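# Chains, contacts and geometry: an overview
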Amino acid sequence: MFAASSSLAVTRSARRVASMAIVVRHLNVHEYISMEILKRHNIPTPKGYVASTPEEAESIYLNKLNRPNEPLKDVVIKAQVLCGGRAHGSFQKTGLQGGVHIVSKPGEAAAYAEKMLGQDFFVKRMATTMANDDDN
């Protein structure tokens, strides 16, 4: 868990998620959409914004999640992908490891967003085997 209380979601971060296993999803909701639903029902959520460009991500970090003339706060930037293990996947084309990062200084939000937006996100899934006691 991250100590930062604010987050910045990066949309369009992955056109597809490559995986070794096929996962059937019955509810496909990105984190930022679920936060909007919770807010509509008066359930407290951390402050967060959605960015679609690196420039927008940087502007949100500097102007919305931080205040002028105050020390900069650390925030979390998260790729919005429909997969588990988002922190452990990778953007192979850009070389960025993980879809969750802490932004702590000017320029980092734009740099992370540049490496996430429009890129394919890959998650390696482990194959699992179930043991059955009925075979004894």
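Structure report, in brief. All chains use their own residue numbering, which begins from 1 and follows the written sequence. Under the rules for a predicted model, residues below a pLDDT of 70 receive no local features and side-chain atom pairs below 80 are neither given nor counted, while totals for whole chains, interfaces and linings still include all residues. Just so you know, side-chain values use all the structure's heavy atoms and leave hydrogens and water out.

### Let's talk about the nonpolar core
In this structure, Phe91, Val103, Met116 and Phe121 are the most contacted members of the largest nonpolar core, which totals 19 residues. Elements that contribute at least two residues to this core include exactly helix H2 (54-64), strand E4 (75-79) and helix H3 (108-116). Residue types Ala, Val, Leu, Ile, Met, Phe, Trp, Tyr and Cys, when buried and joined through side-chain atoms within 4.5 Å, form a set referred to as a nonpolar core. Only protein chains enter the accessibility calculation, which uses a 1.4 Å probe. A residue is then buried if its area is under 20% of the maximum for its type, exposed if over 50%, and partly exposed in between. Runs of E in the DSSP output that reach at least two residues are strands. Runs of H or I that reach at least four are helices, and both are numbered from the N terminus.

### Points about the environment of Glu31
Along the chain, Glu31 turns up in helix H1 (residues 31-40). For Glu31, a relative accessible area of 22% puts it in the partly exposed group. Along the chain, Glu31 and Gln80 lie 49 residues apart, while their C-alpha atoms are 6.8 Å from each other. If we skip the residues at most four places from it in the chain, Glu31 touches Lys78, Gln80 and Arg86. In what follows, a contact means two residues having at least one pair of non-hydrogen atoms within 4.5 Å.

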